[in-house]
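Chains, contacts and geometry: an overview
For reference, the chains in residue letters:
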Amino acid sequence: MADTGSVLRGDPSLDKLRWSRRLTLTSRILFVNILPLVLLGGGVLYLDSYRKQLLDERFKLALVEAQITAEALAGATPQRQEALLIQIGKEQRLRIRVYGPDGKLESDSFALAPPSFTLPDASDVDQGNFALRMDRWFDRVVDAPALPDYVDPEADDASAWPELVRAREESLTQIVLRDAPDGTHVINAAAPVGLDGDTLLLTRNPVDITESVREARTNVLLVVLLFLLVSTLLSWFLAQTIVRPLRELVQAAVRVRQGRDRQVEVPRLPDRRDEIGMLARAVSDMTGALRQRIDAVESFAADVAHEIKNPLASLRSATESLGKVEDPELRAQLLDIATHDVRRIDRLVTEISDASRIDAEMSRAEFERVDLAALVRNVVASREERDENGGCMVDVETIGEDLVVAGVPVRLERVIENLLDNAVSFSPEGSTIEVIMRCREGRIIMTVCDEGPGIPAEKREKVFHRFHSDRPEEEDFGNHSGLGLAIGRTIAEAHDGTLHADERADGKKGACLVLDLPAAK
């Protein structure tokens, strides 16, 4: 037995189907619109955590530096303290200030040596520059807490720095983060020095943190902008692939609705394998079916008007003449004509009403198992009792057993009646009508053959048109509406079957009508 999985995997049509399912419009639109937002949100969260991690490391470093510097300064002579302030401040890029027990500033590394860094004055900073605006926008997005501004006090003593006050009171190292005017950070670390009441204040301006965050943010922003550009282009492409065909469908539908262009074609978009293509083909098929239905209704209405007009004209002529004719025999003839026309109109109205209801009734009908052989025999027996076979003998033959179909018994009986009526109307008196039923390849096939003149090959399809009537010359005019075979085909097609005309297989003269229905499962 062949490997079904390998066969399916090698089927190009199935590969296309899987591809089209993976690339549905819904998934494409969601992907295009969500991706930039995910990247943007992820980048923002990453940068915020990245900045916090860098600041945490610098806090630890500031804590260690403050403690080591305090231990180095404790007990040192004033000259040695100044040398240490200059050396440590230069090497570590720090500003180191020492305050005495009275809170007065005693030493400042920036006063002893050139400053290792310079903080700009607020008045010299362009508050509208791009980097500073991006910093503030970024802080708002991540909801970062506002930091106090770093401002050197006019009277530089310990009371001007809250971290120094706490370090004096608690004898513990204190660290505070502030914002410089240019948007960079300033880290102050205050620590007690020895046991004499001195305190020191280490000030660091970690410009590298801000620069690293700004560089990473710029890279993320460039990536986001790139993806937004790609997303915009893809969205535009999708809009073109969606809006343009939809607009064409709408315009075609409007023209169809307004009836301005009878031959307007609804685009089928055969190259589209997505929902738009499915919609286009469904609308096209629906429009075609609607046109066929409208054409059928218009044709049917015209045929009805034509068929009823003839007997009405004859009836009108007969009734108008009755008042002018005195001869009893002629009056009797006119009454017979009027009676015949009334019956003909009644038969036409009945047939027309039945034909117009078949489609609606069959769409709501529930099928059941029907023994077609038993149904045919019952119909033939009933017709013989009513003497409706026109002096012909109906021979019913079944080949095989279990000739069961799924359908509506009343409607299938109507098909059999119409086929037998047609055969009787063309068969000479005393001839035989053969009804043969067999099962072949899951289909139940019933043939009704007569010994009449037969149907020419070029007319075998026309006999199923509504109101088509090509009757024998000797038959009275108006005895048939021309709807019997059309109704029979409609019922057969509603049962997923067919009804067509053929010549007799035995070579004899006559016509053969073939009803083909699926066998019941």
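Residues numbered from 1 in each chain as written. Predicted model: local features only at pLDDT ≥ 70, side-chain atom pairs only at ≥ 80, totals over all residues. Heavy atoms only, no water.

Here the structure, examined in full by the defined rule, presents two cavities of 30 Å³ or more. Empty space within the second largest cavity amounts to approximately 30 Å³. What lines the second largest cavity is simply A62, E65, L94, I187, A189, L202, T203 and R204. Those elements that place two or more of their residues in the lining of the second largest cavity are α3 (25-73), β4 (185-193) and β5 (198-204). (1 Å grid on protein atoms, 1.4 Å probe; cavity = no way out; pocket = protein on both sides within 12 Å on 5 of 7 lines; lining within 4 Å. Points joined across faces, edges and corners; volume = space filled by probe spheres on them. Helix = DSSP H or I, 4+ residues; strand = E, 2+ residues; numbered from the N terminus.)

Moving on, we get to the state of the cysteines. Under the definition given, this model contains one disulfide. For C449, the disulfide goes to C512, at an S-S distance of 2.4 Å. Remark: C512 occurs in strand β12 (residues 511-518) and C449 occurs in strand β10 (residues 443-449); sequence separation between them is 63 residues. Each member of the pair, C449 together with C512, is buried. (Disulfide = S-S within 2.5 Å. Buried < 20%, exposed > 50% of the residue type's maximum accessible area, 1.4 Å probe, protein only.)

Applying the stated criterion across every chain yields a total of two aromatic pairs. With a centroid separation of 5.2 Å and 70° between ring planes, the pair formed by F110 and F117 is classed as edge-to-face. Under the relative-accessibility criterion, F110 is labelled buried at 18%. (Phe/Tyr/Trp six-rings, centres within 6.5 Å; stacked < 30°, edge-to-face > 60°.)

With that settled, the discussion passes to the pattern of salt bridges. Opposite charge on two side chains permits them to pair, given that their charged atoms come into close proximity. Following the criterion strictly, the structure yields 18 salt bridges and no others. A salt bridge links E320 to R316; the shortest N-O distance between them is 3.0 Å. A residue pair is termed a helical-turn pair when its members lie 3 or 4 positions apart in one helix, as E320 and R316 do in helix α9 (residues 275-322) at four residues. By relative accessible area, which is 56% here, R316 ends up exposed. Taking the shortest distance from any N to any O, the salt bridge between E503 and R460 comes out at 3.7 Å. Residue E503 is found in strand β11 (residues 498-503), and its partner R460 is found in the loop between β10 and α13 (484-494); the two are separated by 43 residues along the sequence. (Salt bridge = Lys/Arg side-chain N within 4 Å of Asp/Glu carboxyl O.)

Turning next to the environment of D156. Mapping D156 onto the fold places it in the loop between α6 (130-141) and α7 (162-170). Considering only alpha carbons, one finds D156 and L105, 51 residues apart in sequence, at a separation of 6.6 Å. Setting aside residues up to four positions removed in sequence, D156 forms contacts with R97, Y99, L105 and W161. A polar contact is formed between the side chain of D156 and the side chain of R97, at a distance of 3.1 Å. Side-chain polar atoms of D156 contact the side chain of Y99, separated by 2.6 Å. (Contact = heavy atoms within 4.5 Å. Polar contact = N/O pair within 3.5 Å; in protein donor to acceptor, adjacent residues only side chain to side chain.)

This paragraph deals with the nonpolar core. Membership of the largest hydrophobic core comes to 44 residues, with the highest contact counts inside it found for V376, I416, L419, L420, I433, M446 and V448. Contributing elements (two or more residues each) for this core: α10 (328-364), α11 (372-385), α12 (409-426), β9 (432-440), β10, α13, β11 and β12. Considering each element in turn, this core owes the most residues, seven residues, to α12. Residue contacts for L419: discarding those within four places in its chain leaves M446, V448, L485, L499 and L513. (Core = buried A, V, L, I, M, F, W, Y, C linked by side-chain atoms within 4.5 Å.)

Right, let's talk about a nonpolar patch on the surface for a bit. A cluster of nonpolar residues, L226, L229, V230, L233 and L234, forms a patch on the protein surface that exposes about 440 Å² of accessible area. Position of L226 among the secondary structure elements: in helix α8 (residues 207-258). Judged by relative accessible area, L226 falls into the partly exposed class, the value being 48%. (Patch = residues over 30% accessible without salt bridge, like charges linked within 9 Å, V, L, I, M, F, W, Y side chains within 5 Å. Areas by Shrake-Rupley, 256 points an atom, 1.4 Å probe, with all protein chains shown as cover.)

Here α11 crosses α12 at 55°, and the two axes come no closer than 10 Å. In this view, α11 runs oblique relative to α12, as classed from their interaxial angle. The chirality of how α11 crosses α12 is right-handed. Across from L372, L375, V376, V379, V380 and R383 in α11, the residues of α12 making contact are P409, L412, E413, I416, E417, L420, D421 and V424. (Axes fitted to C-alpha atoms, helices over the stretch in contact; angles between N-to-C directions. Parallel < 35°, antiparallel > 145°, perpendicular 65-115°, else oblique. Left-handed = near helix turned anticlockwise from the far one by under 90°.)

Within the open sheet, the five strands sit side by side as β7-β9-β10-β12-β11. Their pairing is mixed. In the strand order of this sheet, the two ends are held by β7 (393-399) and β11, each with one partner. Going across the sheet, the axis of each strand differs from the next one's by a mean of 20°, ignoring polarity. As judged from the seven bridges shared by β7 and β9, these two strands associate in the parallel manner. Its bridge partner being in β9, I399 is matched across the sheet by R438. On the sheet, α11 packs against β7, β9 and β10 and is oriented at approximately 170° with respect to β7. The strands that α12 touches are β7, β9, β10, β11 and β12; relative to β10, the one it contacts most, it runs at about 30°. (Pairing = 2+ DSSP bridges.)

Ordered by their spatial adjacency, five strands build an open sheet running β2-β1-β5-β4-β3, and the pairing between neighbours is antiparallel. With partners counted over all chains shown, the strands left at the sheet margins are β2 (105-108) and β3 (174-179), one partner each. Taking each pair of neighbouring strands and ignoring which way they run, the sheet shows an average axis angle of 20°. Where strand β1 (residues 95-99) meets β5, five bridges bridge the pair, whose relative direction is antiparallel.

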